[in-house]
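Per-entry structural report
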Amino acid sequence: MGFWLMKSEPDVFSVDDLQRQRTTSWEGVRNYQARNFMRDGMKRGDRAFLYHSSCAEPAVAGIMEICREAYPDPTQFDRRSKYYDAGSQPDQPRWLMVDVKFVRRLRRPVTLAELRADKRLASLPLLRRGNRLSLMPVSPAEWEAILALE
DNA sequence: GCCAACGTTGGC
DNA sequence: GCCAACGTTGGC
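Residues numbered from 1 in each chain as written. Chains lettered and ligands numbered in written order. Predicted model: local features only at pLDDT ≥ 70, side-chain atom pairs only at ≥ 80, totals over all residues. Heavy atoms only, no water.

1. Some remarks on helix 2 (residues 32–40)
Every α-helix carries 3.6 residues per turn, so stepping three or four residues along brings you back to the same face. Selection rule: With a 1.4 Å probe rolled over the protein chains alone, any residue whose accessible area is under 20% of its type maximum counts as buried; one over 50% counts as exposed, and the rest are partly exposed. Strands are runs of DSSP state E lasting at least 2 residues, helices are runs of H or I lasting at least 4, and numbering of each runs from the N terminus. When we speak of the arc, we mean the arc of directions from the helix axis to the C-beta atoms. Polar contact is the term for a pair of N or O atoms within 3.5 Å; when the atoms are in protein, one must be able to donate a hydrogen and the other to accept it, and sequence-neighboring residues count only if both atoms are side-chain atoms.
When helix 2 is considered as a whole, its buried residues turn out to be Ala34, Arg35 and Met38. Looking down the long axis of helix 2, one finds its buried residues gathered within 100° of arc, a one-sided arrangement. The backbone nitrogen of Gln33 has a side-chain oxygen 3.0 Å away, supplied by the residue at the start of helix 2, namely Asn31.

As C-alpha cells, this is what we get:
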C-alpha cells in the first residue's frame, strides 16, 4: 500500500468538506510531476494525508483513501472552468484525477511547524524550500512519524 | 535549446 | 499584501 500527501486550500476544499461529502474527485491538478504521481503511483486502497495549505495554520488535517485510480479530469475540457486547458485534446487528455474517500480526521491538526521540528521528516518534499508540488509520495516511515504527532 | 519574462504557489 | 521560489511560455 502506498502513502501520499495531497494539498488543498481549506477555503476551497477542507477536511470538513470531505467529511461531509464522504468522497470527492481530486480535480484541478495542473502540474506534470503531480499528474505523473497520480498516473504511475496511486493505486486503489492507498492512503493520503489531506494537508491544508495557504491558510492561517497550515497543517495535516485528515486521512483519505484512493478509491478510484487516475482517469481524465473533465474540467480540462470545460470552457467555463478555471481548470480549462485549451491545449488538451479529448482523444488524448493531458490532465488526470483520482477519487478519494474520507477515512478520518486526525485527532488534532498536525501543523507545518510540528512537521518541520521532526527530524524523521527532514526529506519530506513538503518541507523543502520553495516546494510547490501539490501532491507527493510519503514513505511508510514518514507516514508513521506524522501519525505519531497527532 | 537557451533563457528572460511572466504567472502561480504558499508561508509569513 | 509581500516576496522568494519555481514551472511554463515564447522569442530567438
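2. Remarks on the protein's contact with DNA strand C
Note the cut-off: We call a residue near a molecule or strand as soon as one heavy atom of that residue lies within 4 Å of the molecule or strand. For this classification, Asp, Glu, Lys and Arg are treated as charged, while Ala, Val, Leu, Ile, Met, Phe, Trp, Tyr, Cys and Pro are nonpolar and the rest, including Gly, are polar.
Near DNA strand C, the surroundings consist of Tyr32, Arg129, Gly130 and Arg132. At the protein interface, 60% of the atoms of DNA strand C within 4 Å belong to sugar or phosphate. Split into classes, the residues belonging to the surface near DNA strand C amount to 1 nonpolar, 1 polar and 2 charged.

3. A closer look at the protein's contact with DNA strand B
Near DNA strand B you find Lys7, Tyr51, Ser53, Ser54, Pro58, Leu112, Asn131, Arg132 and Leu133, and these make up its full shell. Close to the protein, within 4 Å, the atoms of DNA strand B belong to sugar or phosphate groups at a rate of 75%. Contact distances for DNA strand B include 2.6 Å between a phosphate oxygen and a side-chain N or O atom of Lys7. Interatomic distance of 3.0 Å between a side-chain N/O atom of Arg132 and a base oxygen of DNA strand B. For the surface near DNA strand B, the per-class residue count stands at 4 nonpolar, 3 polar and 2 charged.

4. Structural notes on the nonpolar core
The condition that has to hold: The set of buried Ala, Val, Leu, Ile, Met, Phe, Trp, Tyr and Cys residues whose side-chain atoms join them within 4.5 Å is what this entry labels a nonpolar core. Contacts between residues were defined by any pair of non-hydrogen atoms, one from each residue, lying within 4.5 Å.
Residues Met6, Trp26, Phe49, Val60 and Leu126 are the most contacted members of the largest nonpolar core, which totals 40 residues. Excluding residues within four positions of it along the chain, Phe49 makes contact with Trp4, Leu5, Met6, Val60, Gly62, Ile63, Met64, Leu106, Trp143, Ile146 and Leu147.

5. What to know about the environment of Leu149
Looking at where Leu149 falls in the secondary structure, it is placed in the segment after helix 4 (140–147). Taking the C-alpha atoms as reference points, Leu149 and Ser139, separated by 10 residues in sequence, lie 16 Å from one another. What Leu149 contacts, discounting residues up to four positions off in sequence, is Arg108, Val110, Glu114, Leu115, Asp118, Arg120 and Leu121.

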